[in-house]
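Per-entry structural report
For reference, the chains in residue letters:
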Amino acid sequence: MESGGMSVPVSVDSTVRLRPVAEPDLAMFRRFCTEPGLIGLDWAGFRDAGVPARRFAADGYLGDDDGRLVVEVEQEQAAAGVVSYTAGRYAGRASYWEIGIALLPQWRGRGIGWRAQALLCDYLFHHSPAQRIQAGTHPENVAEQRALEMAGFQLEGVVRASEFRAGQWRDGYLYSRLRDDPSPWGPTPQA
């Protein structure tokens, strides 16, 4: 990714962009490891707060098979959260990306999430040969379902007992976007 990142307008006053993780962002990453409920339903218990610094030192969160990019609201020059991508493979050469997002609570419900996820798809399609990007969410997370649909994803179905959360196995919804599916804003932004 170029140092300037890539961006798309949210409103007249503000633009969402994705950029590589910088050292000051590690404080936000540590919060995701140690603050119950900060990332909503995806909270899976306390995690080692030293992992973000170790991963950043290893590859700046820009690995070949997985990575993280910071979601930034340019007008405020604020890190709103993070998007993630992890490589997967179904069979032979049928590789895909699995993406995710975690926004800080004060940035939710403002149209930032779907734009960030659409930007991430455009970035991954531009820089890798993958035909498919998929994302999972919880059946009760209606806001994320709507965000994925706005980002150009289609619901594929229910993945039964796919997550252990809050003491029990729970179902998830699987969404996908294919390379030749239309981008939500027409032609792909410069990635």
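Small disclaimer: the values here were computed from a predicted structure and weren't measured. (Residues numbered from 1 in each chain as written. Predicted model: local features only at pLDDT ≥ 70, side-chain atom pairs only at ≥ 80, totals over all residues. Heavy atoms only, no water.)

Moving on, we come to the side chain of Ser84. Among the secondary structure elements, Ser84 is positioned in strand β4 (residues 78-89). Accessibility expressed as a relative area gives 18% for Ser84, which makes it buried. Those residues in contact with Ser84 that lie beyond four places of it in its chain are Gly67, Arg68, Glu98, Ile99, Gly100 and Leu120. (Helix = DSSP H or I, 4+ residues; strand = E, 2+ residues; numbered from the N terminus. Buried < 20%, exposed > 50% of the residue type's maximum accessible area, 1.4 Å probe, protein only. Contact = heavy atoms within 4.5 Å.)

What follows is about the pattern of salt bridges. The tally for this structure, following the rule as stated, stands at 12 salt bridges. Across the pair Glu156 and Arg132 runs a salt bridge, and its minimum N-O distance is 2.6 Å. Within this pair, whereas Glu156 is found in strand β7 (residues 154-165), its partner Arg132 is found in strand β6 (residues 132-137), the two being separated by 24 residues in sequence. Overall, Glu156 belongs to the partly exposed group, its relative accessible area being 43%. For Glu140, the salt bridge identified is with Arg165, shortest N-O distance 3.1 Å. (Salt bridge = Lys/Arg side-chain N within 4 Å of Asp/Glu carboxyl O.)

This paragraph deals with the pairing of β6. Buried residues dominate β6, accounting for five of its six residues. Where strand β5 (residues 95-103) meets β6, three bridges bridge the pair, whose relative direction is parallel. Residue Trp97 lies in a different strand from β6, and its bridge partner there is Ile133. For the handedness criterion, the β-α-β arrangement of β5, helix α3 (residues 112-127) and β6 is classed as right-handed. With six bridges joining them, β6 and strand β8 (residues 168-178) adopt antiparallel strand pairing. Considered in β8, the bridge of Arg132 is made with Leu178. (Pairing = 2+ DSSP bridges. Right-handed = clockwise from strand over helix to strand, strands pointing away.)

Function cannot be read off these values alone, since they describe shape.
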